[in-house]
Amino acid sequence: MKSALVELVVAAIKAKYVSEKAFYNEQLGITPQSWDRWKKGEQGLKYENMQIISTLFTDYEWMLVQKVTRRREVMGDTASSAVAEFNYLKYQIAKTWINQGLARMEWQKNQANEPGSNRRSNTVVLRLITDYNIWGYSDIIEMRLPGVIQQQIGHDERKLLDWVRDQSDQIKQDQQQ
């Protein structure tokens, strides 16, 4: 089993759901034992469950997950965590898209406010979308942010770029420590 993949999946679950149990129980419909065995690399998951796991990420982010996982297989573990590497890549790409005027931003409604939801409620989702004018082929990066950030940034791309730069710099500093 690819430990980087497990690390990235668990981080995404913790960012989006109130607990791992809420995710594997309600989304995957598997037992705690099956979930633990998958995390330890002792067994795989059904194709359908891997498809559900992939929906924790946008298509573009899933491609980045595959690249980070593959790089770690080939290069071995690096000094930073797979999650830090993934987040750094997302912020670097977001910075490039914003600098070059390639992305538009959308604030996404938080699904946690729906009755019976097991999703985290203390965040908002900022989506950066690069559109190629071909239906279904947009690249999207999602960032989960504290709600107060939405008020600070609004739809001001300059403020967003400053915030992304700060986050990217912070991740890089954390990696070097």
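Relevant structure appears above.
Residues numbered from 1 in each chain as written. Predicted model: local features only at pLDDT ≥ 70, side-chain atom pairs only at ≥ 80, totals over all residues. Heavy atoms only, no water.

As a further point, take the pattern of salt bridges. For the structure shown, the criterion picks out nine salt bridges. One salt bridge in this structure joins Arg-72 and Glu-85, with 3.0 Å as the shortest N-O distance. In this pair, Arg-72 sits in helix α5 (residues 59-75) while Glu-85 sits in helix α6 (residues 82-99), placing the two residues 13 residues apart along the sequence. Considered together, Arg-72 and Glu-85 belong to a single accessibility category, that of buried residues. (Salt bridge = Lys/Arg side-chain N within 4 Å of Asp/Glu carboxyl O. Helix = DSSP H or I, 4+ residues; strand = E, 2+ residues; numbered from the N terminus. Buried < 20%, exposed > 50% of the residue type's maximum accessible area, 1.4 Å probe, protein only.)

The subject of this paragraph is the side chain of Lys-95. The topology assignment puts Lys-95 in helix α6. A polar contact of 3.1 Å, which involves the side chain of Lys-95, links it to the side chain of Gln-92. Beyond its immediate chain neighbours, meaning those up to four positions away, Lys-95 contacts Leu-161, Val-164, Arg-165 and Ser-168. (Polar contact = N/O pair within 3.5 Å; in protein donor to acceptor, adjacent residues only side chain to side chain. Contact = heavy atoms within 4.5 Å.)

Positive phi is not limited to glycine here, since Asn-133 has a value of about 60°. For Asn-133, the location among the structural elements is in the loop between β2 (123-130) and β3 (139-146).

Bringing the nonpolar core into the picture now. Within the largest apolar cluster, 48 residues are counted, with the highest numbers of intra-cluster contacts made by Val-9, Trp-35, Ile-53, Leu-56, Leu-128 and Met-143. Residue contributions to this core peak at nine residues, all from α6. When residues no more than four places from it in sequence are discounted, the contact partners of Val-9 are Trp-35, Trp-38, Ile-53, Leu-56 and Phe-57. (Core = buried A, V, L, I, M, F, W, Y, C linked by side-chain atoms within 4.5 Å.)

Glancing now at the environment of Thr-69. Among the secondary structure elements, Thr-69 is positioned in helix α5. Note on Thr-69: relative accessible area 5%, which makes it buried. Apart from the residues within four sequence positions on either side, Thr-69 is in contact with Lys-2, Ala-4, Leu-5 and Leu-8.

The strand order β1-β2-β3 describes an open sheet built from three strands, whose pairing is antiparallel. In the strand order of this sheet, the two ends are held by β1 (103-108) and β3, each with one partner. Shown here is a sheet whose adjacent strand axes are inclined to one another by a mean of 25°, direction ignored. Relative to β3, β2 runs antiparallel, the two being bridged by eight bridges. Bridging from a neighbouring strand, Val-125 pairs with Arg-144 of β3. (Pairing = 2+ DSSP bridges. Axes fitted to C-alpha atoms, helices over the stretch in contact; angles between N-to-C directions.)

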